[in-house]
Amino acid sequence: MDYKKSGVDIEAGYRSVELMKKHVQGTMRPEVLTGLGGFSGAFSMEAFKTMEKPTLVSGTDGVGTKLKLAFLLDRHDTVGIDCVAMCVNDIACAGGEPLFFLDYIACGKNYPEKIASIVSGVAEGCKQAGAALIGGETAEMPGFYPEDEYDLAGFAVGVVDEKNIITGADVKTGDVLIGMASSGVHSNGFSLVRKIFPMETAALKTHYDALGTTLGDALLAPTKIYVKALRQIKEAGVRIRACSHITGGGFYENIPRMLPDGKLAVVKKNSYEVPAIFGMLARDGGVEEQVMYNTYNMGIGMVLAVDSSDVEKTMDAIRAAGETPHIIGEIADGEKGVTLC
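First, a word on what this report is: a plain description of the structure on this page. (Residues numbered from 1 in each chain as written. Predicted model: local features only at pLDDT ≥ 70, side-chain atom pairs only at ≥ 80, totals over all residues. Heavy atoms only, no water.)

### What to know about the pairing of strand 2 (residues 97–107)
Along strand 2, eight of the 11 residues are buried, which leaves the element largely enclosed by surrounding structure. Across 10 bridges, the pairing between strand 2 and strand 4 (residues 150–161) is antiparallel. Across the sheet, residue F101 finds its bridge partner in strand 4, namely A156. Taken together, the eight bridges between strand 2 and strand 3 (residues 132–140) define a ladder with parallel strand orientation. Looking across to strand 3, one finds that D103 is bridged to G136. Regarding the hand of the β-α-β motif, the stretch spanning strand 2, helix 4 (residues 112–129) and strand 3 is right-handed. (Buried < 20%, exposed > 50% of the residue type's maximum accessible area, 1.4 Å probe, protein only. Helix = DSSP H or I, 4+ residues; strand = E, 2+ residues; numbered from the N terminus. Pairing = 2+ DSSP bridges. Right-handed = clockwise from strand over helix to strand, strands pointing away.)

Dropping the structure here:
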């Protein structure tokens, strides 16, 4: 008896590392002091000494049951983008610049090409965020996961000067709410998605004119990474007063998180076109509107509050970053929360 006969293939692990190296290398930043394969990753903070009070911000998350669709369609090159996005968007939401990322893949059986495909997506997400992929772990766990399945999670660290942290404390009545368009469902609410739509290959490969693609491709569309857009807004000289990443819990849970007591976010539902995938979910699942807005991003992946005088500069900066902005409402006096009208 040896380790391989128990279900853990060390040689496959070595091959996975070799295959992923080319993807990881493309994410490097000058501050990275270690190479792939060490026991830890080292990142120099020398470049941030010019900040008055450099402050680390961090985020950790996974992809959730969206992975089930990747298994069914045998598509593994985009879920890594989702994993990175869920972490770095939270960091950027606080005004931080993502610096580095680490991933964790746990699988029933290590198929090196599949692992490399997953990591290629992680690397692509890191490139979009400007973060270095400085380490990770692939754990082969036979008997714990089915052979063809895996879980994927990650952890990111960023930096911001303390004076530039976005807290929402200085939100004012009359501030304008700007939403940045999502790419679809992103990485939340897939337990409900899987109850509504048939989780069968044929159904997922069905093309819908309303979606402009197949159902599977629409659902697997990777989560938008808004780091570049938020950086562009800052470079345009705009002070973002509050920022909310619209993840699980939708509008009702996430928007109030960016507000101080005594301020109410008033969102106009007709201020933008809700993507067709959400209409399909509501119709096919018989999901009430309130539940939809309390579960999904409904086409808006990030919400910002800015001074009314900064709206045009903000909109221009978002467009320059390749994202689509919408003016979706404003801040009013009232009990802390969100009203949809």
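### Quick look at the sheet that holds strand 11 (residues 325–333)
The strand order across the open sheet formed by six strands is 8-10-5-11-9-12, and the pairing between neighbours is mixed. Where the open sheet ends on each side, the last strands, each with one partner, are strand 8 (242–245) and strand 12 (337–340). Each strand axis lies, on average, 25° off the axis of its neighbour in the sheet, ignoring direction. Bridge count between strand 9 (residues 263–267) and strand 11: five bridges; the pairing is antiparallel. (Axes fitted to C-alpha atoms, helices over the stretch in contact; angles between N-to-C directions.)

### Looking at empty space enclosed by the protein
Counted according to the given criterion, the structure contains one cavity of 30 Å³ or more. As a volume, the largest cavity reaches approximately 40 Å³. If you trace the largest cavity, you find it lined by C107, K109, N110, Y111, K114, I115, E147, D148, E149 and Y150. Across the lining of the largest cavity, the residue classes break down as four nonpolar, one polar and five charged. (1 Å grid on protein atoms, 1.4 Å probe; cavity = no way out; pocket = protein on both sides within 12 Å on 5 of 7 lines; lining within 4 Å. Points joined across faces, edges and corners; volume = space filled by probe spheres on them. Nonpolar A, V, L, I, M, F, W, Y, C, P; charged D, E, K, R; others polar.)

### Describing the sheet that holds strand 2
Backbone-to-backbone hydrogen bonds pair the strands of a sheet. The strands run either parallel or antiparallel. In space, the four strands of this open sheet follow the order 1-4-2-3, with mixed pairing throughout. Of all the strands in the sheet, the pair left with one neighbour each is strand 1 (54–62) and strand 3. On average, adjacent strands in this sheet sit at an angle of 15° to one another, irrespective of strand direction. Contacts between helix 3 (residues 79–93) and the sheet are confined to strand 1, strand 2 and strand 4, with strand 4 contributing the most and set at about 30° to the helix. (Contact = heavy atoms within 4.5 Å.)

### Focus on the environment of R239
Here R239 lies in the loop between helix 8 (227–235) and strand 8. Judged by its relative accessible area of 34%, R239 is partly exposed. When the C-alpha atoms of R239 and V306 are compared, they prove to be 7.0 Å apart, with 67 residues separating the residues in sequence. Beyond its immediate stretch of four places on either side in the chain, R239 contacts K163, N164, I165, D170, V306 and D310.

### Here's the deal with the pairing of strand 10 (residues 300–306)
With seven of seven residues buried, strand 10 is to be regarded as a mostly interior element. Pairing analysis gives six bridges linking strand 5 (residues 176–181) to strand 10, with the strands arranged antiparallel. Residue pairing for strand 10: V176 is matched across the bridge by V306. As paired elements, strand 8 and strand 10 share four bridges and run antiparallel to each other. The partner of S244 across the bridge, within strand 10, is V303.

### Here we look at the pattern of salt bridges
A full pass over the atoms with the stated rule returns 20 salt bridges. K224 serves as the salt-bridge partner of E323, at 3.2 Å between the closest nitrogen and oxygen. Linking E323 in the loop between helix 12 (311–320) and strand 11 with K224 in the loop between helix 7 (215–220) and helix 8, this pair joins segments that are 99 residues apart in sequence. With a relative accessible area of 12%, E323 lands in the buried category. Residues joined in a network through salt bridges with shared partners are R29, E31 and E97. (Salt bridge = Lys/Arg side-chain N within 4 Å of Asp/Glu carboxyl O.)

### Observations regarding helix 12
Listed as buried for helix 12 are V311, T314, M315, A317 and I318. One face of helix 12 carries all of its buried residues, which in axial projection span an arc of 165°. Turned more than 90 degrees from where helix 12 packs its buried face, E312 and A320 sit exposed. Along its buried surface, helix 12 packs onto strand 5, helix 8, strand 10 and strand 11. Immediately downstream of helix 12, the backbone of G322 shows phi near 90°, a positive value. (Arc of directions from axis to C-beta.)

### Section: helix 10 (residues 276–285)
Looking only at helix 10, the buried set comprises I277, F278, M280 and L281. Burial along helix 10 is one-sided: seen end-on, the buried residues are contained in an arc of 155°. For helix 10, the secondary structure elements touched by its buried residues are helix 5 (190–196), strand 6 (207–208), helix 7 and helix 11 (289–293). Looking one or two places after helix 10, you find G286, whose phi comes out positive at around 60°.

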